[in-house]
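So the chains spell out like this:
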Amino acid sequence: MVIMNEILCYMKLLLALIPWPLYGFVTVCSVISIYFSRRNLNRPVPSLIADECPDVSIIKPLMGVDRLLETNLETYFLLTYPKYEILFCVQDEQDPVIDMCHRLMARFPIIDCKLFIGGKSSVINPMVQNMSVGYENAQYGLIWISSSRIKATQNSLQDMVIKIRNPNVAIVHQIPFTSDQKGVANTVEKLSFGGSLARYYIALNRVGLYCLTGMSYLMKKDELDALGGLTRFGKYLAEDHFLSKALYDKGFTLQLSDIPAQQNVSGTSIVAYKDRMVRWSRLRLAIMPFVASLLEPLIDSITLGLYMSWSTYHFFSFDPYIFFVCHIGVWVILDYTLVGGIQNGAFAFSKSEFLVAWLIREVLQILIHFEALVDARKIKWGKRTYKMKLGGDTEVISEKLPLQYV
């Protein structure tokens, strides 16, 4: 009995120690991300002489029509970059976005723009399947892959080109953010990308680790071709993770752009946001099971706050209720500061709207973790349902779903 009590005491001690390094990790990431968001992001981009600008192929994978899609696509035709081509890639010949592409091509005839319909049916990933023909027909050595959600800014391409001229850099990527739109769902999404995601995205990249989302990135085509090209990574749904890892393992640096990517999509809802986050969480469960299943839930604001409140009470008899309230208050301030650094201007929401959206996101994140764990190997994306194996390999198990945005 005495031995059992000692074992229980040691187990309790161990459990009480666990949140401290987690708290330290989150604190360090917060400090790094806030510092660099205000020091580096959105700063003026140096000018380039036209002769110094390498030619760029812009690949735009498209599926379906959104109210703001034409506005997004138009921004690429209005870029002041000296020489580039736009490659529209559409999978379905009945997709209404094809008419939009033809309309834009007619409006801007001086821009080198091509439309590719159909893709390689042997490729599992629908986005890679969509882009594969455009990638293979790209004329230039720099490829800018930019999803339909992204609205281009005049300085984004120039900033990425300046950084990728470094021979040690193979990819320059933008941190995903959102445009200013009214509504609770839009605010929740902005806080998610500008708060929780940005905290680790910026910090991990600044210490030299690879952390990349495939919404908007510029890469050296010849370096990816040396690894088998884009279609080689089409067997994964998280192709951005695996191709960036392959280049990173080859010794290249992945550089973070100073210009955030502006997601500009209409009709955002809490349900659509939740479904998207569940899909991403299931991707990480297959690729990084320990991180996604255990570490991520433990470093969320509510779970870590509760855990740390109990730990400080265990060691110091400090009132856990006071600690938790202070913890949440500090976390809110840090997130507000970080989002403000990325926003680089006035918010489209008030402080009270920020607080409501913040609470919704944090509570919703707990539900997202649980939903992702239920049937964790199954992912619905586009017209298909996929089954992911541990490690990322994927197979199609159904094609009965209607079109949806990704």
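This section reports on the structure supplied with the text. (Residues numbered from 1 in each chain as written. Predicted model: local features only at pLDDT ≥ 70, side-chain atom pairs only at ≥ 80, totals over all residues. Heavy atoms only, no water.)

### Things to note about the sheet that holds strand β6 (residues 169-173)
Okay, step 1: One open sheet accounts for 7 strands, arranged β3-β2-β1-β4-β8-β6-β9; its pairing is mixed. Looking at the sheet topology across the chains shown, the edges are occupied by β3 (112-117) and β9 (253-256). In this sheet, neighbouring strand axes are inclined to one another by 20 degrees on average, regardless of whether the strands run parallel or antiparallel.
Okay, step 2: Examined bridge by bridge, β6 and β9 share 4 bridges and lie parallel to one another. Directly across from valine 172, in β9, lies its bridge partner glutamine 255.
Okay, step 3: Together, β1 (56-62), β2 (84-90) and β3 form the strand contacts of helix α4 (residues 97-107), whose direction differs from that of β3 by roughly 165 degrees.
Okay, step 4: Each of β6 and β9 touches helix α7 (residues 184-206); the most contacted strand, β9, lies at about 135 degrees to it. (Pairing = 2+ DSSP bridges. Helix = DSSP H or I, 4+ residues; strand = E, 2+ residues; numbered from the N terminus. Axes fitted to C-alpha atoms, helices over the stretch in contact; angles between N-to-C directions. Contact = heavy atoms within 4.5 Å.)

### Some details on the nonpolar core
Okay, step 1: Of all hydrophobic cores here, the largest spans 116 residues; its most connected members are Val56, Phe88, Trp144, Ile202, Leu218 and Met219.
Okay, step 2: In this structure isoleucine 202 touches Ser33, Phe36, Ser37, Leu41, Ile175, Leu256, Leu338 and Ile342, once residues within four positions along its chain are discounted. (Core = buried A, V, L, I, M, F, W, Y, C linked by side-chain atoms within 4.5 Å. Buried < 20%, exposed > 50% of the residue type's maximum accessible area, 1.4 Å probe, protein only.)

### Focus on the packing of aromatic side chains
Okay, step 1: The tally for this structure, following the rule as stated, stands at 16 aromatic pairs.
Okay, step 2: The interplanar angle of 80 degrees and the centroid separation of 5.0 Å between the aromatic rings of tyrosine 35 and phenylalanine 36 together place this pair among those described as edge-to-face.
Okay, step 3: Here a set of aromatic residues connected by ring pairs shows up, and it is made of Tyr336, Phe347, Phe349 and Phe354.
Okay, step 4: Here lysine 221 stacks its cationic end above the ring of tyrosine 135, 4.7 Å away from the centre of that ring. (Phe/Tyr/Trp six-rings, centres within 6.5 Å; stacked < 30°, edge-to-face > 60°. Lys NZ or Arg CZ within 6 Å of the ring centre and 35° of its normal.)

### Observations regarding the pairing of β1
Okay, step 1: The element β1 is largely enclosed, with a buried count of 7 among its 7 residues.
Okay, step 2: Every second residue of β1 is oriented toward a common face, with Val56, Ile58, Lys60 and Leu62 on one face and Ser57, Ile59 and Pro61 on the other, all of them buried.
Okay, step 3: With 7 bridges joining them, β1 and β2 adopt parallel strand pairing. Along β2, the bridge assignment pairs isoleucine 59 with leucine 87.
Okay, step 4: Handedness of the β-α-β unit built from β1, helix α3 (residues 69-77) and β2 comes out right-handed.
Okay, step 5: Note that β1 and strand β4 (residues 142-146) share 4 bridges and pair parallel. Bridge pairing links valine 56 to leucine 142 in β4. (Right-handed = clockwise from strand over helix to strand, strands pointing away.)

### Some thoughts on the packing of helix α2 (residues 19-39) against α7
Okay, step 1: Interaxial distance between α2 and α7 falls to 8 Å at its minimum, and their mutual angle equals 80 degrees. Overall, the two elements α2 and α7 adopt an arrangement that is roughly perpendicular. Between α2, through Phe25, Val26, Cys29, Ser30, Ile32, Ser33, Phe36 and Ser37, and α7, the contact on the second element is made entirely by Ala198, Arg199, Tyr200, Ile202, Ala203 and Arg206.
Okay, step 2: Residues that form the contact of α2 with α7 fall into these classes: 9 nonpolar, 3 polar and 2 charged. (Parallel < 35°, antiparallel > 145°, perpendicular 65-115°, else oblique. Nonpolar A, V, L, I, M, F, W, Y, C, P; charged D, E, K, R; others polar.)

### A word on the sheet that holds strand β12 (residues 384-388)
Okay, step 1: One open sheet holds the 3 strands; their spatial order is β11-β12-β13, and the pairing between them is antiparallel. Strands with a single pairing partner mark the edges of an open sheet, and in this sheet they are β11 (378-381) and β13 (394-398). Within the sheet, the average angular offset between the axes of one strand and its neighbour, ignoring direction, is 35 degrees.
Okay, step 2: Where β11 and β12 come together, 4 bridges link them in antiparallel fashion.

### Digging into the pairing of β2
Okay, step 1: Buried residues dominate β2, accounting for 7 of its 7 residues.
Okay, step 2: Burial along β2 is two-sided: the residues Tyr84, Ile86, Phe88 and Val90 and Glu85, Leu87 and Cys89 are all buried.
Okay, step 3: Judged from the 6 bridges that link them, β2 and β3 form a sheet pairing that is parallel. Each residue of the ladder has a partner; that of isoleucine 86, found in β3, is cysteine 113.

### Some words on the packing of α7 against helix α10 (residues 270-287)
Okay, step 1: At a minimum axis distance of 9 Å, the contact between α7 and α10 shows a crossing angle of 30 degrees. One element, α7, and the other, α10, form an angle in the roughly parallel class. When α7 is examined against α10, the residues Ala185, Val188, Glu189, Ser192, Phe193 and Leu197 are found in contact with a partner set consisting of Ile270, Tyr273, Arg276, Met277 and Trp280.
Okay, step 2: Residue classes in the contact of α7 with α10 are distributed as 8 nonpolar, 1 polar and 2 charged.

### Some points on the side chain of serine 309
Okay, step 1: Secondary-structure assignment places serine 309 in helix α12 (residues 301-316).
Okay, step 2: Setting aside its immediate chain neighbours within four residues, serine 309 contacts Pro320, Phe323 and Phe324.

Any functional reading would require information beyond the geometric quantities listed.
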